[in-house]
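# Inside the fold
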Amino acid sequence: RELVKRLDASRHFDVVSRLDHPTAVQDAFKAGNIRLVVVIPAGFENALRAFHQAPLQLLADGSDPNLGTTVVHYASAIVGASQEELLEHHSLPYGFETELRMMFNPQLEAAYNFVPGVMAMILLLICAMMTSVAIVREKEHGNMEVLLVSPVKPLWIILAKTIPYLVLSTANICSILLLSYFVLDVPVKGSVPLLIGGSLIFTVTALSLGMFVSSIAHTQTVAMFGTLVGLFLPSLMFSDFMFPVDNMPEPLRILSYALPSRWYFYIVKSVMIKGLGLEGIWKELLILSGMTLVLLFVSIRKFDNRLAL
């Protein structure tokens, strides 16, 4: 009880629940509701009094090695402080036999966190930046006005400009998955079709972002730097890839909700590393689909307005 009180009182932890079954622990980790579980076996107090040694297990989420290691260090420090307190009040030595286990990534391989982040960055860079530059190039050369006054609808113009990058992104998705599995030994514990389907939804979202940037930019330089500074760098910082979003101030956490790469990063980690199915990522897929519809609607309206002028 004293150990649990110390964990709960620490500013690094918030004890959210008591789990009494291994299945409940596994489900809580998969759902992303917890970062650390302290397993206190039955008879812990009796063993401590009788043998002055008692087993203790720390289970941490290893899908993000950096965050998992940090959480374990905090918990280990609290366990060590509890052990020192026992030594101060008793003449005989007391100790905890602490066992550490990293869920989903026992070896703490950095590739488990690196591959999902690289997938998000590559797809965003290729789809958003290349699409925006390709359409703005037509504006600079005067070809866009000719296309807009032609009988072809703006929707077909947009599709003609985006389909090549969709095909290229699909090839990139397959190549990254093959390299991660055969070269980096990163497993795909979930459904491969579900992972590819989620990647295609994110690809369409990134293409829609490129369409939106191209609708407000007038030169290729503005489109390229606007995509790089306005999309790529924020996605790198606020997608939970390099820096934990949970440790950021509230305004930055709210800002991260508007970035498609954050939702896609969660989808890839959940399917590849944790093995979740559609029931575990449907909210993220729905958010990406909603972003795509809004961005496509705004982009098409922009093209219609130019045609009306």
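Fair warning: this is a prediction, and the values are worked out from it, not measured in the lab.

Calculation notes
- Starting afresh in each chain, residues are numbered from 1 along the sequence in its written order.
- Per-residue local features are limited, in this predicted model, to residues with pLDDT of at least 70; the limit for side-chain atom pairs, both in listing and counting, is 80 or more; totals at the level of whole chains, interfaces and linings are taken over all residues.
- The side-chain quantities take in all heavy atoms of the structure and omit both hydrogens and water.
- For Phe, Tyr and Trp, where Trp contributes only its six-membered ring, two rings pair if their centres lie within 6.5 Å, and the inter-plane angle classes them as stacked under 30 degrees, edge-to-face over 60, or tilted in between.
- The buried label goes to any residue with under 20% of its type's maximum accessible area, the exposed label to any with over 50%, and the partly exposed label to all in between, with areas taken from a 1.4 Å probe on protein chains only.
- Any two strands with at least two DSSP-identified bridges between them are counted as paired.
- Think of it this way: any DSSP run of H or I at least four residues long counts as a helix, any run of E at least two long counts as a strand, and we number them from the N terminus.
- Between the N-to-C directions of two axes lies an angle of 0 to 180 degrees, each axis being a line fitted to C-alpha atoms and, for a helix, fitted only over the stretch in contact.
- Residue contacts are defined here by distance: any two heavy atoms, one from each residue, within 4.5 Å place the two residues in contact.

Enumeration according to the criterion identifies 4 aromatic pairs in this entry. Look at Tyr 181 and Phe 182: their rings are 5.0 Å apart centre to centre, the planes differ by 85°, and that puts the pair in the edge-to-face class. Classification of Tyr 181 as partly exposed rests on a relative accessible area of 46%. With a centroid separation of 6.1 Å and 25° between ring planes, the pair formed by Tyr 257 and Trp 263 is classed as stacked. The class of Tyr 257 is partly exposed, set by a relative accessible area of 41%. Since its relative accessible area comes to 14%, Trp 263 is described here as buried.

All right, on to the sheet that holds strand 2 (residues 53-61) then. In spatial order, the strands read 1-2-3; together these 3 strands make up an open sheet with mixed pairing. The sheet terminates laterally at strand 1 (36-39) and strand 3 (95-103), the two strands that pair on one side only. If you compare each strand with its neighbour and ignore which way they point, the axes differ by 20° on average. Here 4 bridges tie strand 1 to strand 2, and the two strands are oriented antiparallel to one another. Within strand 2, the residue paired with Leu 36 across the bridge is Ala 60. Each of strand 1, strand 2 and strand 3 touches helix 2 (residues 22-31); the most contacted strand, strand 2, lies at about 35° to it.

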